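In case you want the letters, here they are:
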Amino acid sequence: MSATTADFTPPERIVIATRESRLALWQAEHVKARLESLYPGCRVELLGMTTRGDQILDRPLAKVGGKGLFVKELEAALLDGRADIAVHSMKDVPMQLTEPFALPCISAREVPLDAFVSSRYESLADMPPGAVVGTSSLRRESQLHAQYPMLSVTSLRGNLDTRLRKLDEGQYDAIILAAAGLKRLGLADRIRGELPSEVSLPAAGQGALGIECLASRTDVAAWLAPLNDADTSACVRAERAVSRALAGSCEVPLGAYGEMRDGLLWLRGFVALPDGSRMVRAEREGRPEDCESLGLALANDLRSQGAEEILAQIG
Ligand SMILES: NCc1[nH]cc(CCC(=O)O)c1CC(=O)O
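Notes on the structure in this doc start here. (Residues numbered from 1 in each chain as written. Predicted model: local features only at pLDDT ≥ 70, side-chain atom pairs only at ≥ 80, totals over all residues.)

1. Some points on the packing of helix α9 (residues 230-247) against helix α10 (residues 291-304)
For step 1, the next point in the chain: Packing of α9 against α10 brings their axes to within 7 Å, and their N-to-C directions diverge by 40 degrees. Compared by their axis directions, α9 and α10 come out oblique. Considering only the axes of α9 and α10, their crossing is right-handed. Of the residues in α10, those touching α9 at Ala234, Arg237, Ala238, Glu239, Arg240, Ala241, Val242, Ala245 and Leu246 are Cys291, Glu292, Leu294, Gly295, Leu296, Leu298, Ala299 and Leu302.
For step 2, the next point in the chain: Broken down by class, the residue content of the contact of α9 with α10 amounts to 12 nonpolar, 1 polar and 4 charged. (Axes fitted to C-alpha atoms, helices over the stretch in contact; angles between N-to-C directions. Helix = DSSP H or I, 4+ residues; strand = E, 2+ residues; numbered from the N terminus. Parallel < 35°, antiparallel > 145°, perpendicular 65-115°, else oblique. Left-handed = near helix turned anticlockwise from the far one by under 90°. Contact = placed C-beta atoms within 7 Å. Nonpolar A, V, L, I, M, F, W, Y, C, P; charged D, E, K, R; others polar.)

Laid out in structure tokens, this is it:
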């Protein structure tokens with residue numbers, strides 16, 4: 001049977017809106033290559049854009065308006081038809097998408113774990129008291145404080161290259177980054193070790209790519225369908241439901257991580273104070289079809305242990 005049926009016409013041209021950081025461009029090129037191999041006759045073009053988020057990357061995101069800053073300009077290009085799709089790290093996509101937009105595709109996840117990067121030390125356990133660990137998120141910070149109270153945890157900003165440069169200049173003894181980003185940029189050799197999820201529970205969506213388009217573009221959703229990974233999609237949707245229910249898109253010390261285990265989705269989450277002095281955790285297992293309600297149930301488990309009080313203190 002031909003690929004062309006009454007309700008499916010293969011694309012002739014697809015324009016991908018992307019941020020221009022090295023990581024964003026890698027991700028857009030990756031999706032471009034996959035679309036080109038799926039649809040050999042199709043021209044796939046990148047539309048690079050600098051977002052407001054990129055201009056202020058060295059300042060704490062929570063102070064300047066949150067993660068939405070990285071997607072707004074890309075969404076503007078979808079709205080006015082300059083682009084058909086936008087490729088995102090799922091971790092950077094606001095938990096609540098606004099009305100005309102949809103995320104029809106979440107592709108197979110790269111390693112979701114955080115990575116320990118250091119030229120001085122082998123591992124967190126190897127670091128002496130007072131050694132300085134740089135991290136860009138309250139989620140990592142709170143977990144480090146809770147488990148390695150004798151280390152000095154300080155903030156680390158900038159894109160991946162900037163963060164590695166700051167480490168190499170000696171401003172930190174070690175830094176924690178998402179392993180997926182390092183691998184995508186060919187920097188896997190910088191990873192001294194991946195932190196197990198028991199040590200650093202990942203952020204909702206970490207390691208997964210999502211493709212956004214206008215909800216009205218059912219043609220685009222059909223083109224993207226083969227790139228969707230059902231397991232990753234269920235896990236990430238469950239993780240985002242936890243985060244959405246508790247915190248929206250704000251930068252808070254919250255982790256949510258789903259894994260498929262014997263056909264079931266095993267979901268874990270936590271909420272903590274940045275200094276790690278209080279932390280609530282929960283886990284649940286459920287059917288992947290029920291991913292959203294599983295996430296909401298886990299958020300309720302965390303609430304019943306005081307998650308909202310903790311978040312209010314950070315407020
Ligand atoms: N917040 C920045 C960001 N967004 C996505 C990644 C890494 C790749 C991914 O998680 O998919 C990173 C870097 C990091 O957290 O170290």
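2. Details of helix α11 (residues 307-314)
For step 1, the next point in the chain: Taken together, the buried positions of α11 are occupied by Ala307, Ile310 and Leu311. Each buried residue of α11 sits inside an arc of 95 degrees when the element is viewed along its axis, so together they form one side. Opposite the packed face of α11, turned more than 90 degrees from it, sit the exposed residues Ala312 and Gln313.
For step 2, the next point in the chain: Taken together, the buried residues of α11 touch α9, β12 (264-272), β13 (279-286) and α10. (Buried ≥ 20, exposed ≤ 12 C-beta atoms within 10 Å, placed from the backbone. Arc of directions from axis to C-beta.)

3. Brief notes about the environment of Arg139
For step 1, the next point in the chain: With respect to the helices and strands, Arg139 occurs in helix α5 (residues 138-147).
For step 2, the next point in the chain: Separated by 82 residues in sequence, Arg139 and Ala221 place their C-alpha atoms 33 Å apart.
For step 3, the next point in the chain: Once residues within four sequence positions are removed from consideration, Arg139 is found in contact with Ala203, Pro253, Leu254 and Gly255.

4. Let's talk about the sheet that holds strand β6 (residues 132-135)
Strand-to-strand pairing in sheets goes through backbone hydrogen bonds, with the strands running parallel or antiparallel.
For step 1, the next point in the chain: With mixed pairing, the 5 strands of this open sheet are ordered in space as β7-β6-β8-β5-β9. Two strands bound the open sheet, and with one partner strand each, they are β7 (152-155) and β9 (193-195). Looking at each pair of strands side by side, their axes are set apart by 30 degrees on average, direction ignored.
For step 2, the next point in the chain: Sheet topology places β6 next to strand β8 (residues 174-178); 3 bridges connect them, and they run parallel. The residue bridging Thr135 from the neighbouring strand is Ile176, located in β8.
For step 3, the next point in the chain: Those strands touched by α5 are β5 (114-117), β6, β7 and β8, and its axis lies near 155 degrees from that of β6. (Pairing = 2+ DSSP bridges.)

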